[in-house]
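Residue-level listing of the chains:
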Amino acid sequence: MNEYVLSVNGGSSSLKFRLYRMPDESQLLSGQFDGMNSANPVFKAVYGECKQQENLSTEDFASAAHYLLSFMLEKQLIPNQQSLKVVGHRVAHGGEHYSGPVVIDNEVLGNIDRLSSLAPIHNPINLLCIQVFRQILPTAVHVAVFDTAFHQTIEPSRYLYPLPYEMYLNHKIRRYGFHGISHQYVSTVLSATFQEQSQKVINCHLGNGASICAMFEGRSVMTSMGFTPLSGLMMGTRCGDIDPALPIHIARITGTDMDNVDRMMNFKSGLLGVSQYSSDFRLINEAAQQGNQQAILAQEMFINRIVETVGAYAAALNGLDVLVFTGGIGENSEVVRQRVCEQLAYLGVVIETTKNRSAEQVISAQASRIIVKIIKTDEELMIARESVKLLAEPVDSGGVELNHDD
Ligand code: AMP
């Protein structure tokens, strides 16, 4: 039976959406509201062969959700409101509560709210989006798909920090990992196309935010983001791993407070901080090609971090079968893939320059001990799939009936 499923991904300044018809996964609509909570919100949508962009006078999430529903009805993308049976919501933090998707009821809402202490920027927005869409689409089942859930298979010896143990017991301080929806998507693509080789996989999600995940038999074994999405790789504006004593030292010597240091590490560091030019990898690459020394340095540091992390994770996995590049940079930057792979020659990685240049699905050479792939990530599709899969499960094994109970 055909079902219409909406994927919703709300951020602090944007609201992304996709509409699918399931089970064939045909994408009927994609788009986003940019500039949410600003004076100039913009609605962008692509459906069929059509593109639309509108400046809006309404800037809050409730107005955006109403606008989206009217748009889908007006363009006849859904026959009526009731036909939209499932809405999948991306939720940043599921803590230790959730290792998979869950149908949203009042208890789940309460848990997402409580977990806001672990993700103060993202969870409150996610919660707001859920509340707004539940109000507008009361007959749909709303499902939360967590960015942390995929990493709940990581062992305590890898997710704990070597701090006093009561920090974990009393404050839940541990590695959670993020980008789980993207890493899981890659894992499912691999298992569908590569069954026999995908035992030991390292997936490099390289975008504005960047993280690496080591997987064994499709499950997350280790990942570079930690308690927050600030740790691990160098990113667009985030510093990634630094000496943990530095924030305190910087606050002391500059006389600034810790909130400012936090902002510096999240918004003024990474590619932007080192290049003193841009957080956008395309621009860094162009500047580097023109001889800009800061851009060259930023690029080199970005690549070094990836190489070091892949090396560490190959050790953690005790070998490597498949290396994957995904995310805006991973999917599009020939230079990053080439330079990372050159430095992994000791693992037996060999790529073909022409395949890498044309961004083929498999870029490794026949002689390579490790298969190197480019997989275009699709978090919205993963959210839709996970939501539908949950609802298809028998009720007594964790699935649910399609009725609201609250
Ligand atoms: P994402 O966060 O996954 O959307 O990725 C955004 C990053 O991908 C930005 O740093 C972009 O500059 C980078 N990116 C997008 N297209 C390209 C490209 N063709 N070459 C290099 N980097 C790119």
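Above this text you will find the structure in question.
Keep in mind that what you see is a predicted model, and the values were worked out from it rather than measured. (Residues numbered from 1 in each chain as written. Predicted model: local features only at pLDDT ≥ 70, side-chain atom pairs only at ≥ 80, totals over all residues. Heavy atoms only, no water.)

Kindly report on the overall build of the chain, identifying the contributing residues and their values.
The helix and strand inventory of the chain stands at 15 helices and 13 strands. For 406 residues, the compact-globule estimate of 2.2 N^0.38 gives 22 Å, and the C-alpha radius of gyration of the chain, at 22 Å, lies within 12% of that figure. Residues classed as buried in the chain amount to 53% of the 406 residues present. Total accessible area computed for the chain in this model is approximately 18,900 Å², and 50% of it derives from carbon and sulfur atoms. Between the averaged position of the 31 positive side-chain charges in the chain and that of its 42 negative side-chain charges there is a distance of 4 Å. (Helix = DSSP H or I, 4+ residues; strand = E, 2+ residues; numbered from the N terminus. Rg over C-alpha atoms; globule rule 2.2 N^0.38 Å. Buried < 20%, exposed > 50% of the residue type's maximum accessible area, 1.4 Å probe, protein only. Areas by Shrake-Rupley, 256 points an atom, 1.4 Å probe, with all protein chains shown as cover. Lys, Arg positive; Asp, Glu negative; His and termini not counted. Charge placed at Lys NZ, Arg CZ, Asp CG, Glu CD.)

How would you sum up the site of the ligand? Please name residues and give values.
Taken together, the residues surrounding the ligand are G207, N208, S279, D280, F281, R282, G327, G328, I329, N332 and S333. Within the side chain of N332, an N or O atom sits 3.5 Å from a nitrogen atom of the ligand. If the ligand stood free it would expose 510 Å²; the protein chains cover 69% of that surface. Secondary-structure elements contributing two or more residues to the shell around the ligand are α10 (281-289) and α12 (327-332). The dominant element in the shell around the ligand, judged by the number of residues it contributes, is α12, at four residues. Here the residues of the shell around the ligand sort into two nonpolar, seven polar and two charged. (Near = heavy atom within 4 Å. Polar contact = N/O pair within 3.5 Å; in protein donor to acceptor, adjacent residues only side chain to side chain. Nonpolar A, V, L, I, M, F, W, Y, C, P; charged D, E, K, R; others polar.)

Report on the packing of aromatic side chains, specifying residues and quantitative values.
Taken as a whole and assessed by the stated rule, the structure comprises 12 aromatic pairs. Residues Y176 and F227 carry aromatic rings whose centres are separated by 6.1 Å and whose planes lie at 45° to one another, so their mutual orientation is tilted. In this pair, Y176 is assigned in the loop between α5 (165-171) and α6 (180-193) and F227 in the loop between β11 (219-223) and α7 (246-254), connecting sequence segments 51 residues apart. Accessibility expressed as a relative area gives 24% for F227, which makes it partly exposed. Connected via pairs of aromatic rings, a cluster forms that spans F17, F33, F43, Y47, Y67 and F71. (Phe/Tyr/Trp six-rings, centres within 6.5 Å; stacked < 30°, edge-to-face > 60°.)

Talk me through the pairing of strand β5 (residues 50-55); I want residue IDs and the actual numbers.
Strand residues, when the strand is regular, have side chains that alternate between the two faces of the sheet. Bridge count for strand β4 (residues 42-47) against β5 is six bridges, and the pairing is antiparallel. The residue of β5 that forms the bridge with Y47 is C50. Counted between consecutive antiparallel strands, the loop separating β4 from β5 contains two residues, among which G48 sits at a positive phi close to 55°. (Pairing = 2+ DSSP bridges.)

I'd like a description of the environment of N318, backed by residues and values.
As for its placement among the helices and strands, N318 is situated in the loop between α11 (293-317) and β12 (322-326). Accessibility expressed as a relative area gives 65% for N318, which makes it exposed. Spatially, the C-alpha atoms of N318 and G177 are 21 Å apart, while their sequence positions differ by 141 residues.

How would you summarise α6 if you had to cite specific residues and measurements?
Between its first and last C-alpha, α6 extends 20 Å over 14 residues, near the 20 Å set by a 1.5 Å rise per residue. Extensive coverage of α6 is indicated by the burial of 10 of its 14 residues. By the burial criterion, the buried members of α6 are G180, I181, S182, H183, Q184, Y185, V186, S187, V189 and L190. (Expected span 1.5 Å × (residues − 1).)

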